[in-house]
Amino acid sequence: MTDAQETAAETTLRTTGGAPPDDLPPAPVPLLEPREGIPPVTADADALAEVIATFAAGHGPVAVDAERASGYRYGQRAYLVQLRRAGAGTALIDPVGCPDLSGLGAAIADAEWVLHAATQDLPCLRDIGMIPTRIFDTELAGRLAGFARVGLGAMVENILGYALEKGHSAVDWSTRPLPDPWLHYAALDVELLVDLRDALEEELERQSKLEWAHQEFAAIAAAPPAPPRKDPWRRTSGMHKVRRRRQMAVVRELWTARDRIAQRRDVSPGKVLGDAAIVEAALALPANVRALAALSGFGHRMNRRQLEQWQAAVDRARELPEADLPQPGQPVAGPPPPRAWADKDPAAAARLSAARAAVTQLAEGLNLPQENLIAPDTVRRLCWEPPAEPTTDAVASVLAGHGARPWQIDQVTPVLAAALLATPA
């Protein structure tokens, strides 16, 4: 058993949030006010310059959070940025009034940025000029340490003993002016983030996993922006009901028209036209506005002009030549779905079954989620196209080629190399 396995085994109860019935933890203390109160919202160049100077003069890690208006506005831009640093206090910045925060990003570039679920906030922060060089992700740290509940509120409660108020997490942050209760919530979100980081660092060090976390954080910070999604219309909810190519063309045309309108109006696409309505129209292929209006999602409170624009999209799809219709499935890079392996390649199916079982057992021993130990897609690719000679060096090379971090390679290579020798029953 490795050091990490031993220390993980010793702390299973504590890190999963459980406790013996006769040793219940004390009730969490409600966190009601930020230590220095709620700062005014920074919304102009002069105020931003003051914040930049204050945070440049601060010391230690910087807690960073961002609020978006998912479900209300088009895209994932930030509508509020919260920061906290020792010696600087807390700042609330309005990216609408201050759309370029590259000066702030540069002022704290040498500091470690502490975020919770960093991959959610980094894209919108990058768009306004804030790009970290070093991060500490408290959610990912919690996963590596074996915590079952890794939401910010749950972790602050379980680890630090405080209860955060989370009632405004899904509000429309594009609202102006922002209500005081929302600002209160936003300030508290970064109040204890550095304290949580320090406690998690100590726990990871105790479990011999801190170097693992550092490698994960470095990979996130160095990752390039995600490329645009290919054929995003194919992700329309309910798309599995659409079988014929002409119907798929209707989905594509309606999705594209909706996206264009949503972008122009800066509203969530779902507020323009629901996915269920798009699929309904694709299945029905309405011949005219009257037939379209009879479908669910189109007749209620939709005026003639709106109906005509949607019918025009349906008509464009109806009139497309056969050669221009979308194909039933997207070209898949990599192995086929695992459910098809037994028929296509029984030997590969045997390897995958053995590999999954080995990874599951190893992850349980290390007290961390399987997907954090090694990406499931990496395991599938290795098992579908294994090296000619499945030595540990060859397997390690394949894993590295798929982006596995050194700590992951060290942990899983022996068990995956053994799994590649499995044969069909």
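Residues numbered from 1 in each chain as written. Predicted model: local features only at pLDDT ≥ 70, side-chain atom pairs only at ≥ 80, totals over all residues. Heavy atoms only, no water.

### Quick notes on the sheet that holds strand β5 (residues 89-93)
The sheet built from six strands is open, its strands ordered β2-β5-β4-β3-β6-β7 with mixed pairing. For this open sheet the edge positions go to β2 (41-42) and β7 (134-137), each flanked by a neighbour on one side alone. Where strand β3 (residues 59-68) meets strand β4 (residues 78-86), eight bridges bridge the pair, whose relative direction is antiparallel. Each residue of the ladder has a partner; that of A63, found in β4, is R84. (Pairing = 2+ DSSP bridges. Helix = DSSP H or I, 4+ residues; strand = E, 2+ residues; numbered from the N terminus.)

### Focus on helix α3 (residues 45-57)
Taking 1.5 Å as the rise per residue, α3 with 13 residues should run 18 Å; its terminal C-alpha atoms sit 18 Å apart, in good agreement. Where α3 is concerned, the buried positions are L48, V51 and F55. Down the axis, α3 shows its buried residues gathered within 60° of arc, on one side only. What points out from α3, more than 90 degrees from its buried face, is the exposed set D46, E50 and A57. The elements touched by buried residues of α3 are β2, β3, β4, β5 and α4 (102-107). Capping of α3 at its N-terminal end is provided by D44; its side-chain oxygen lies 3.2 Å from the backbone amide nitrogen of D46. (Expected span 1.5 Å × (residues − 1). Buried < 20%, exposed > 50% of the residue type's maximum accessible area, 1.4 Å probe, protein only. Arc of directions from axis to C-beta. Contact = heavy atoms within 4.5 Å. Polar contact = N/O pair within 3.5 Å; in protein donor to acceptor, adjacent residues only side chain to side chain.)

### Some thoughts on the domain arrangement of the protein chain
With domains assigned, the protein chain is organised as domain 1 (27-220), domain 2 (235-317) and domain 3 (336-419). Taking only C-alpha atoms into account, the centre of domain 1 sits 35 Å from that of domain 3. Each partner contributes to the interface: domain 1 provides ten residues, whereas domain 3 provides eleven residues. Summed over both partners, the interface of domain 1 with domain 3 buries about 920 Å², with 54% contributed by carbon and sulfur atoms. It is W212, Q215 and E216 that lose the most area in domain 1 upon contact with domain 3, and together they represent 53% of the buried surface on that side. Counting across the domain 1 and domain 3 interface gives one salt bridge. Where E216 meets R405, a salt bridge forms, and the shortest distance between an N and an O atom there is 2.8 Å. At the boundary of domain 1 with domain 3, the tally comes to four residue pairs in polar contact (both at pLDDT 80 or more). For the side of domain 1 that touches domain 3, the residue count by class is five nonpolar, two polar and three charged. (Domains from an automatic or database assignment. Buried area = accessible area lost by both parts, 1.4 Å probe. Salt bridge = Lys/Arg side-chain N within 4 Å of Asp/Glu carboxyl O. Nonpolar A, V, L, I, M, F, W, Y, C, P; charged D, E, K, R; others polar.)

### Things to note about the packing of aromatic side chains
If you walk through the whole model with that rule in mind, you get five aromatic pairs. Through pairs of rings, three or more aromatic residues link up here, namely W173, W182 and Y185. Over the face of the ring belonging to Y79 we find R77, whose NZ or CZ atom lies 4.7 Å from the ring centre. (Phe/Tyr/Trp six-rings, centres within 6.5 Å; stacked < 30°, edge-to-face > 60°. Lys NZ or Arg CZ within 6 Å of the ring centre and 35° of its normal.)

### So, the UniProt feature "domain: HRDC" (unreviewed entry) in the protein chain
The UniProt record annotates "domain: HRDC" (unreviewed entry) at residues 244-324. Between the end C-alpha atoms of residues 244-324 the distance is 13 Å, and the span holds 69% helix and 0% strand. (UniProt positions renumbered as here; feature names shortened; annotations may be inferred.)

### Description of the side chain of T42
As for its position among the elements, T42 is in strand β2. Setting aside residues up to four positions removed in sequence, T42 forms contacts with A47, L48, V51, L92, I93, D94 and C98.

### Structural notes on the packing of helix α6 (residues 138-145) against helix α10 (residues 210-222)
Contact geometry for α6 and α10: axes closest at 10 Å, N-to-C directions at 145°. Two packed elements cross with a definite hand, and for α6 against α10 that hand is right-handed. In this structure, α6 uses L140, A141 and L144 to contact α10, whose residues at the interface are W212, A213, E216, F217 and I220. Class assignment of the residues belonging to the contact of α6 with α10 gives a composition of seven nonpolar, no polar and one charged. (Axes fitted to C-alpha atoms, helices over the stretch in contact; angles between N-to-C directions. Left-handed = near helix turned anticlockwise from the far one by under 90°.)

### Some points on the side chain of R85
Mapping R85 onto the fold places it in strand β4. Among buried Asp, Glu, Lys and Arg side chains, R85 stands out as unpaired, with D110 the closest opposite charge at 8.2 Å. When residues no more than four places from it in sequence are discounted, the contact partners of R85 are F55, A56, G58, H59, G60, P61, V62, I108 and A111. (Lys, Arg positive; Asp, Glu negative; His and termini not counted.)

### As for the packing of helix α11 (residues 245-265) against helix α15 (residues 304-319)
One way to put it is that α11 packs onto α15 with a least axis distance of 8 Å and a crossing angle of 145°. Classified by chirality, the crossing of α15 by α11 is right-handed. For the pair α11 and α15, contact is made by R246, A249, V250, E253, L254, A257, R258, R260 and I261 and by Q309, W310, A313, V314, R316, A317, R318 and E319, respectively.

### Remarks on the confidence of the model for the protein chain
This prediction gives the protein chain a mean pLDDT of 92; 94% of its residues lie at or above 70. This stretch, residues 1-21, has a pLDDT under 50; its non-local contacts, to residues over four places away or in other chains, come to 41 contacts. (pLDDT = per-residue confidence, 0-100.)

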